[in-house]
Amino acid sequence: MRVYLDNAATTPLDPEVFEAMKPFMVEDFGNPSSTHAHGRKVRAAIESARKRVAELLSCTPGEIIFTSGGTEADNAIINGAIQTYKIEHVISSPIEHHAVTHTLETLDKQGAVKLHHVRLDEKGHVDLGHLENLAKQFPNALVSLMHANNEIGNLLDSKKVGELCQQYNAYFHSDTVQTMGHYKHDLKQLKVHGMTAAAHKFHGPKGTGFMYINKDKKIRPMVHGGAQERNMRGGTENTYGIIGLAKALEICYCEMADHEAHIVKLKKHMIEKLKTAVPGVSFHGDSDNLEKSLYTVLNVSFPESEENEMMLFNLDMQGISASGGSACSSGAATGSHVLSAIYPNSKRGAVRFSFSKYNTMDEVDFAITKITDLFRVTA
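In this text the structure is predicted, and so the values were computed from the model without any measurement. (Residues numbered from 1 in each chain as written. Predicted model: local features only at pLDDT ≥ 70, side-chain atom pairs only at ≥ 80, totals over all residues. Heavy atoms only, no water.)

Draft legend 1. Representation of the side chain of T11. Within the secondary structure layout, T11 lies in the loop between strand 1 (3-4) and helix 1 (15-26). Within the structure, the side chain of T11 is placed 2.6 Å from the backbone oxygen of H200, a separation counted as a polar contact. Side-chain polar atoms of T11 contact the backbone nitrogen of H203, separated by 2.7 Å. Residue contacts for T11: discarding those within four places in its chain leaves H200, K201, F202, H203 and G204. (Helix = DSSP H or I, 4+ residues; strand = E, 2+ residues; numbered from the N terminus. Polar contact = N/O pair within 3.5 Å; in protein donor to acceptor, adjacent residues only side chain to side chain. Contact = heavy atoms within 4.5 Å.)

Next up, the structure:
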């Protein structure tokens, strides 16, 4: 048996999504910038996909710009906002995805901006009081905070952060890569200026994503070379990727309640079984709190043990695919920057299990049995 519990890294492609993409892989191959019939057909399909994404998010089609994924989108918004609005101060956290932290650290080192980190509480949540103090001290700043942490699943109160940003005239950018397709984002209500998404996190294809850019806070483009994407991102569009993204997001919105109920049941079961099977087990951040964390992610904190160093390897050998943190830094000797920031002196093992609609209770039980065996504990 082989069990995949690393859905925060990537998800399997939904068969319906593949069927929607297939015609644009082999039949409708025209360049969407061409004015002939082949090109016009593809252009119409892209704009239909853009319109559908905008409808789901309650924004206008012109506010959706397709990209190669979340990393490009994060980079484009951060750099574009700083250049467009001559931003000198950036407020972020030390546990953002590397697409954000590395970009901001580079800009800070170059002297383009001054980076300020908001305080985190003992669970890794943003201290909103400190955030307000920083926003008040540095008005007109860029605030970049993710909606859900990709390693521990902590959720941000985006509504409150948006209101704070509005009060102090800050540009609010939020990486929503982990929550897109799992939560509904109503952009008519949410005071956010830039958001990002990657299709492969919600059963769409790899290599495509989008950024939402509020029409009242437009930014300069980062990728030049053509008039594609409303002059915001040069280069021939990834047509079948865009078609797949829109179809995947549509399926997520239609089936979201059922998928959430199913995944929450799996997560609760795993929490309860692990507490019984592994004495001393706990959970990083608030990943075991269903009200304060992303329901697809469970970051398990195992007691200090000789097994910890080889935990992921041993799980893999036992047929379980999981992660020790962000998939984008797999194999890095430095370990998780997220856990280091919250638990600087901890020597406990960490495994991130992340679920999707395709996981089953039998798979979770299989994983628990193998974990129990590794710790030589009888459940």
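Moving on from the coordinates now.
Draft legend 2. Summary view of the pairing of strand 2 (residues 64-67). What you see with strand 2 is no split at all: I64 and F66 on one side and I65 and T67 on the other are buried throughout. Pairing analysis gives 4 bridges linking strand 2 to strand 8 (residues 209-213), with the strands arranged antiparallel. Each residue of the ladder has a partner; that of F66, found in strand 8, is F210. (Buried < 20%, exposed > 50% of the residue type's maximum accessible area, 1.4 Å probe, protein only. Pairing = 2+ DSSP bridges.)

Draft legend 3. Spotlight on a nonpolar patch on the surface. On the surface, a cluster of nonpolar side chains totalling about 430 Å² of accessible area is made up of L13, F18, M25, V26 and Y240. With 3 residues, helix 1 is the single largest residue contributor to the nonpolar patch. Along the chain, Y240 turns up in helix 8 (residues 239-277). (Patch = residues over 30% accessible without salt bridge, like charges linked within 9 Å, V, L, I, M, F, W, Y side chains within 5 Å. Areas by Shrake-Rupley, 256 points an atom, 1.4 Å probe, with all protein chains shown as cover. Salt bridge = Lys/Arg side-chain N within 4 Å of Asp/Glu carboxyl O.)

Draft legend 4. Highlighting helix 4 (residues 98-109). If you check helix 4, its first and last C-alpha atoms are 16 Å apart, about what 12 residues at 1.5 Å a residue would give, namely 16 Å. Among the residues of helix 4, those classed as buried are A99, V100, T101, T103, L104 and L107. Each element contacted by the buried residues of helix 4 is listed here: helix 3 (70-84), strand 3 (89-92), strand 4 (114-117), strand 5 (142-144) and strand 6 (171-175). Downstream of helix 4 by a residue or two, G111 has a phi angle that is positive, lying close to 80°. (Expected span 1.5 Å × (residues − 1).)

Draft legend 5. Representation of the packing of helix 1 against helix 8. Packing of helix 1 against helix 8 brings their axes to within 8 Å, and their N-to-C directions diverge by 160°. If you check the angle between helix 1 and helix 8, you find them roughly antiparallel. Handedness of the crossing formed by helix 1 with helix 8: right-handed. Residues E16, V17, A20, M21, F24 and M25 of helix 1 touch helix 8, and the partners they reach there are T239, Y240, I243, G244, K247, A248 and I251. In terms of residue class, the contact of helix 1 with helix 8 is made up of 9 nonpolar, 2 polar and 2 charged. (Axes fitted to C-alpha atoms, helices over the stretch in contact; angles between N-to-C directions. Parallel < 35°, antiparallel > 145°, perpendicular 65-115°, else oblique. Left-handed = near helix turned anticlockwise from the far one by under 90°. Nonpolar A, V, L, I, M, F, W, Y, C, P; charged D, E, K, R; others polar.)

Draft legend 6. Structural detail: the sheet that holds strand 10 (residues 297-302). Strands sit in the order 9-10-12 across an open sheet of 3 strands; the sheet is antiparallel. The open sheet has two edge strands, strand 9 (282-283) and strand 12 (349-354), and neither has a second partner. Taken together, the 2 bridges between strand 9 and strand 10 define a ladder with antiparallel strand orientation. Within the sheet, the bridge partner assigned to S282 lies in strand 10 and is S301. Running over the sheet, helix 8 touches strand 9, strand 10 and strand 12 and is turned about 10° from strand 10.

Draft legend 7. Highlighting the environment of G349. As for its placement among the helices and strands, G349 is situated in strand 12. Taking C-alpha positions, G349 is 5.7 Å from S301, a pair spaced 48 residues apart along the chain.

Draft legend 8. Region of the structure containing the sheet that holds strand 2. If you trace the 7 strands from one edge of the open sheet to the other, you get 2-8-7-6-5-3-4, paired in mixed fashion. This sheet does not close on itself; its edge strands, each paired only once, are strand 2 and strand 4. Each neighbouring strand pair of the sheet contributes to a mean axis angle of 20°, computed without reference to strand direction. The sheet contact formed by strand 5 and strand 6 spans 3 bridges and is parallel. Each residue of the ladder has a partner; that of V143, found in strand 6, is F172.

Draft legend 9. Spotlight on the packing of helix 5 (residues 128-137) against helix 6 (residues 158-167). For the pair helix 5 and helix 6, the least separation of the axes is 10 Å and the interaxial angle reads 20°. Taken together, helix 5 and helix 6 sit at an angle that is classed as roughly parallel. For helix 5 against helix 6, the interelement crossing comes out right-handed. Contacts from L128, L131 and E132 of helix 5 reach helix 6 at K160, V161, L164 and Q167. The residue makeup of the contact of helix 5 with helix 6, split by class, is 4 nonpolar, 1 polar and 2 charged.

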